[in-house]
Each structure stands twice: as structure tokens, then as C-alpha cells.
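As a plain string of letters, each chain reads:
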Amino acid sequence: MVGLEIHQEERAGRLTLRLTGTLDNQTALLLRQSLDTLGSREVELDFTHLREFRDSAVGVLTNGLVDRKVRLRGLAGHHQRMFRYFGLSMGETSSASRAYYTPEEVLA
């Protein structure tokens with residue numbers, strides 16, 4: 001089993017957790033525990049360097065993210081939609097007028 005590595009980086013007062021490896025149910029629970037230790041700090045989660053991101057991890061993560069100040073970066077369109085399905089606002093991509101599928105995604 002490939003694990004998840006969480007690299008904590010702080011720049012100009014902003015805390016970023018860079019994720020590498022595999023995010024699944026088990027590692028999503030570990031990530032939620034790491035977030036809990038940070039209290040109410042605003043955090044950016046960087047998914048850019050994940051090798052694998054299983055859909056089931058979204059449900060596990062969302063439960064712990066809904067009430068936090070968190071920014072999500074490096075998500076593919078599919079995972080952005082999944083977080084929205086679970087009720088997590090995606091900032092600029094959560095506009096009520098935005099379709100779940102863009103023409104580019106449908107034609108791909």
C-alpha cells in the first residue's frame with residue numbers, strides 16, 4: 001500500500017499542506033486528524049502531487065472540511081464536482097450558474 005505524505009509549508013502567514021502519494025479512505029482519515037490538530041487556522045490543501053485520489057476519500061474529507069476555512073488547489077474537474085456534490089463550496093468554481101459539466105469535458 002502506498003501511503004500519503006503531508007508536507008506542511010507556511011509562507012506569509014498562509015499554511016499549505018502539500019499532499020503526495022495516495023489519498024483513499026484510510027489516508028483521508030489521517031489527513032482529517034492532521035487538520036484537527038491545526039485548530040481553526042485557515043489552510044490550503046494542495047492535491048497537485050497526488051499519484052492517486054480515490055473518489056471514496058472525498059466523502060471522508062468533506063465531513064471534516066465543511067466547517068473549516070480551507071482552500072483546495074490542484075483538483076481535477078471530476079474531484080471538484082464531487083466536493084460540490086458533498087456540499088463543499090469551491091470558491092470561484094461554485095457559482096450557481098456553472099454547469100457540472102463543461103462542453104470541453106463532454107467532448108473529451
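Keep in mind that what you see is a predicted model, and the values were worked out from it rather than measured. (Residues numbered from 1 in each chain as written. Predicted model: local features only at pLDDT ≥ 70, side-chain atom pairs only at ≥ 80, totals over all residues. Heavy atoms only, no water.)

Along the chain, Met82 falls in helix α3 (residues 77-85). Judged by its relative accessible area of 13%, Met82 is buried. Considered as a pair, Met82 and Thr62 are 20 residues apart in the sequence and their alpha carbons are 9.6 Å apart. (Helix = DSSP H or I, 4+ residues; strand = E, 2+ residues; numbered from the N terminus. Buried < 20%, exposed > 50% of the residue type's maximum accessible area, 1.4 Å probe, protein only.)

Burial within strand β2 (residues 14-23) is extensive, with seven of its 10 residues counted as buried. Pairing between strand β1 (residues 4-11) and β2: eight bridges, direction antiparallel. Looking across to β2, one finds that Glu9 is bridged to Thr16. Here β1 folds back onto β2, and the loop between the two strands holds two residues, one of which, Ala12, carries a positive phi near 50°. The handedness of the β2 to strand β3 (residues 43-53) crossover, carried by helix α1 (residues 25-37), is right-handed. (Pairing = 2+ DSSP bridges. Right-handed = clockwise from strand over helix to strand, strands pointing away.)

The tendency in soluble globular proteins is for nonpolar side chains to be buried as a group. Among the nonpolar cores identified, the biggest contains 24 residues, and Leu23, Leu31, Leu45, Phe47, Phe53 and Phe83 are the most heavily contacted of them. Of all elements in the fold, only β2, α1, β3, α2 (56-65) and α3 reach the threshold of two or more residues within this core. (Core = buried A, V, L, I, M, F, W, Y, C linked by side-chain atoms within 4.5 Å.)

Turning next to the packing of α2 against α3. The contact between α2 and α3 brings their axes to 10 Å, and the two run at 55°. Between α2 and α3, the crossing angle belongs to the class labelled oblique. Remark: the crossing between α2 and α3 carries right-handed chirality. Of α3, the residues touching α2 (which contributes Val58, Leu61, Thr62 and Leu65) are His79, Met82 and Phe83. Class assignment for the residues of the contact of α2 with α3 results in five nonpolar, two polar and no charged. (Axes fitted to C-alpha atoms, helices over the stretch in contact; angles between N-to-C directions. Parallel < 35°, antiparallel > 145°, perpendicular 65-115°, else oblique. Left-handed = near helix turned anticlockwise from the far one by under 90°. Contact = heavy atoms within 4.5 Å. Nonpolar A, V, L, I, M, F, W, Y, C, P; charged D, E, K, R; others polar.)

Take the sheet that holds strand β4 (residues 70-73) next. Sheet architecture is open: four strands sit in the order β1-β2-β3-β4, paired in mixed fashion. At either margin of the open sheet sits one strand with a lone partner, and together these are β1 and β4. Going across the sheet, the axis of each strand differs from the next one's by a mean of 20°, ignoring polarity. Across the sheet, α2 lies against β2, β3 and β4, angled at about 170° from β3, the strand it touches most.

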